[in-house]
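# Coordinates in review
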Amino acid sequence: MTKYIFVTGGVTSSLGKGIISASLAKLLQARGYSVTIQKFDPYINIDPGTLNPYEHGECYVTEDGAETDLDLGHYERFLNVPTSQANNITTGRIYQNVINKEREGAYLGKTVQVVPHITDEIKRNMQILGEGSEFDIVITELGGTVGDIESLPYIEAVRQLRWELGSGNSLVIHLTLIPFLAAAGELKTKPTQHSVKMLLEYGIQPDILVCRTEHHLSQEIRKKIALFCNVNINAVIESIDASTIYDVPLLMLKEQLDKIVLTKLKLPLKSDPLLDKWKSFLGRLKNPTSEVKIGLVGKYVELPDAYKSITESFIHAGAKNECKVIVKCIQSESITSDNVAEKFKGLNGVLVAPGFGSRGIEGKIEAIQYVRENDIPFFGICLGMQCAVVEFARNVLGLEDAQSTEMDENAKNPVISMMEDQKKIKNKGGTMRLGAYSCDLKKGSKAAAIYGKSHISERHRHRYEFNNSYLEQFENAGMMASGINPENNLVEIIELKNHAFFVAGQFHPELKSTVDNPHPLFVNFVAASLTHSKKK
Ligand code: GLN
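Conventions we followed
- Residues numbered from 1 in each chain as written.
- Predicted model: local features only at pLDDT ≥ 70, side-chain atom pairs only at ≥ 80, totals over all residues.
- Heavy atoms only, no water.
- Axes fitted to C-alpha atoms, helices over the stretch in contact; angles between N-to-C directions.
- Helix = DSSP H or I, 4+ residues; strand = E, 2+ residues; numbered from the N terminus.
- Parallel < 35°, antiparallel > 145°, perpendicular 65-115°, else oblique.
- Left-handed = near helix turned anticlockwise from the far one by under 90°.
- Contact = heavy atoms within 4.5 Å.
- Nonpolar A, V, L, I, M, F, W, Y, C, P; charged D, E, K, R; others polar.
- Phe/Tyr/Trp six-rings, centres within 6.5 Å; stacked < 30°, edge-to-face > 60°.
- Buried < 20%, exposed > 50% of the residue type's maximum accessible area, 1.4 Å probe, protein only.
- Lys NZ or Arg CZ within 6 Å of the ring centre and 35° of its normal.
- Pairing = 2+ DSSP bridges.
- Salt bridge = Lys/Arg side-chain N within 4 Å of Asp/Glu carboxyl O.
- Core = buried A, V, L, I, M, F, W, Y, C linked by side-chain atoms within 4.5 Å.

Moving on: the packing of helix α7 (residues 190-201) against helix α8 (residues 219-229). Interaxial distance between α7 and α8 falls to 10 Å at its minimum, and their mutual angle equals 25°. The angle between α7 and α8 falls in the class roughly parallel. In this structure, α7 meets α8 at a crossing whose hand is right-handed. Residues T192, Q193 and V196 of α7 pack against K224, I225, F228 and C229 of α8. Tallied by class, the residues present in the contact of α7 with α8 amount to 4 nonpolar, 2 polar and 1 charged.

The following block contains the structure:
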């Protein structure tokens, strides 16, 4: 029987429920359990696909093409196990399902209500990954903070489900904040007490409290929290600020979170956690022997979460190269032909980021021209690849008015154009080319050498593509289409031959980089940047 762990948040948002969930899952996995994590988000959008990154950070995409919360990225990076649509559910999706059922007549004769219909649908979704699956343990992260109006139905669903599952089959971990008041020189437990009281009002007694803190929790503080929140003292877990999120599993191990969880779930401890690979990654991450500076050119650079998977992929690739990767974010809108040399001074590589719409496009194209002409390693992702194609068309093929039809519908030279099957689509949500597609790599290409194979699969999220009617011109001038989708001939990778590193993909490699499996394109791009830094 699958066991369920629910993770709630108290006091404030941004305490890192996703990282705590992923860290606990990592420890349980390292003890030999098969674990998955799902996230329930209380907002009304069906998924975050239509949200601006400023609202919600990066939109993560799963193998099966679900547009999801960025926490799923953490789950995959920590566990090295793919997630799917079932791992991310929003209030919008819950209501959509219930309303569709109402129209089908599933509740004929009945008044459809939040309790029991919405809560039943939440409970059903909470168990989809558990029922008869290979997972021993399903961790469910509830978005939002306890006390929010919109998360109430989720809390009620957890209350009911715990009762239905019976004792020993589920537990609730409450993540809370123990603030330090500098003026008083003290850690304060009152906000946590209030937050737990609120959970109790809703009928939930948390089993474990994970306490985010800037200072170590004394035995006395732990005792106080335990006493006022009705938990065992060993279930008061300190979660001290860490220098990297990848330290958190080891910090949780030290606090014995995994042991407490398994004991409460009446599961055997099995072996001690096998974390050799994780520890060797951390060792390399913390003891770099060299350093590179990479420019990340994008239009959402003010918000670090907008490019979360890219910056995490650089951490994995850096550790693999035993090299510290310093990522310098550069606002694409600010780049012009006059300042590009100044802005890129000291950079050993440049990544041009994904994106939508025309803001910052010309800056991205300037950036690419500069790195192409100055033999600085370049890596383009999705819109970054499309910009590389437009740049090459304009400045090498001499097609001055080359453009993507996303930016100019009537472009005279539409070197990037909307995919045929996208043209008839009217709805914006969930209708892009999404999820995993296969790609054949050309023999002798850089891409084939980097991947070390001839057939790959990568995840996508786009509507526009390389316009194949220009392919011959590009290839004759030295830009090679080294990755092609075998089913429909879409160009998935382009590269330049006589260049330190000039590779760009229509897909998102950053979505598949994990601690255990750093993505080869990132690893090789960092390696090329390292070579560039040494040459200098
Ligand atoms: N806007 C481009 C497209 O839709 C690129 C998308 C992206 O970078 N994810 O094709």
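Structure's up, so let's keep going.
Aromatic ring pairs are defined here through the distance separating the ring centres and the angle between the ring planes. Overall, the coordinates contain 19 aromatic pairs when judged by the stated rule. Where Y4 meets F6, the ring centres are 6.4 Å apart and the plane angle is 10°; that geometry is what we call stacked. Residues Y246 and W278 carry aromatic rings whose centres are separated by 5.9 Å and whose planes lie at 55° to one another, so their mutual orientation is tilted. A residue pair is termed long-range when its members are at least 10 positions apart, and Y246 in the loop between β11 (236-240) and α9 (248-254) and W278 in helix α11 (residues 276-286) qualify at 32 residues. Under the relative-accessibility criterion, Y246 is labelled buried at 0%. Since its relative accessible area comes to 2%, W278 is described here as buried. Between the NZ or CZ atom of K270 and the centre of the ring of Y33, over which it lies, the distance is 4.1 Å. Here the basic side chain of R433 rests over the ring of Y437, its NZ or CZ set 4.3 Å away from the ring centre.

Glancing now at the pairing of strand β22 (residues 491-496). The buried count for β22 comes to 6 of 6 residues, which makes it a mostly enclosed element. The turn joining strand β21 (residues 479-484) and β22, which pair antiparallel and follow one another in sequence, is formed by 6 residues; a positive phi near 65° is taken by N489. Across 3 bridges, the pairing between β22 and strand β23 (residues 502-505) is antiparallel. The residue of β23 that forms the bridge with I493 is G505. Between β22 and β23, which pair antiparallel one after the other, the connecting turn spans 5 residues.

This part covers unusual backbone geometry. Cis geometry is found at the peptide bond from V115 to P116, where omega equals 10°. Within the secondary structure layout, P116 lies in helix α5 (residues 114-127). Positive phi, normally seen in glycine, also occurs at N80, with a value near 60°. Considering the arrangement of structural elements, one finds N80 in the loop between α3 (71-79) and β5 (88-90). For K266, which is not glycine, the phi dihedral falls at a positive 55°.

Taken as a whole and judged by the stated rule, the model has 31 salt bridges. Between K39 and D71 there is a salt bridge whose closest N-O contact spans 3.1 Å. On the criterion of sequence distance, the pair formed by K39 in strand β2 (residues 35-41) and D71 in helix α3 is long-range, its members being 32 residues apart. Each member of the pair K39 and D71 is classed as buried. A salt bridge links R461 to E67; the shortest N-O distance between them is 2.6 Å. With R461 in strand β19 (residues 455-462) and E67 in strand β4 (residues 67-68), this pair connects stretches of sequence that are 394 residues apart. Accessibility assignment for this pair places R461 and E67 in one class, buried.

Turning our attention to the sheet that holds β21. Strand order across the open sheet formed by 9 strands is β13-β12-β14-β15-β23-β22-β21-β18-β19, with mixed pairing between neighbours. The strands lining the two open edges of the sheet, one partner per strand, are β13 (323-331) and β19. On average, each strand axis in the sheet is tilted by 25° relative to the strand beside it, whichever way the strands run. Pairing geometry for strand β18 (residues 433-441) and β19, over 8 bridges, is antiparallel. Paired with A436 across the two strands is R459, which belongs to β19. Helix-sheet contacts for helix α12 (residues 308-320) involve β12 (290-298), β13, β14 (349-352) and β15 (378-381), and the interaxial angle to β13 is about 155°.

The next point concerns the environment of L72. With respect to the helices and strands, the residue L72 is situated in helix α3. On the basis of relative accessible area, L72 is assigned to the buried category, the value being 0%. When the C-alpha atoms of L72 and Q38 are compared, they prove to be 7.7 Å apart, with 34 residues separating the residues in sequence. L72 has contacts with K39, Y60, T62, T83, S84, N87 and N88, leaving out every residue within four places of it along the chain.

This brings us to the nonpolar core. One finds I5, L28, I137, I139, I173, I208 and V261 to be the most contacted residues of the largest nonpolar core, which totals 59 residues. Looking at this core, the element that brings in the most residues is helix α1 (residues 17-30), giving 8 residues. Beyond its immediate chain neighbours, meaning those up to four positions away, L28 contacts I5, Y33, V35, I137, D258, V261 and L262.

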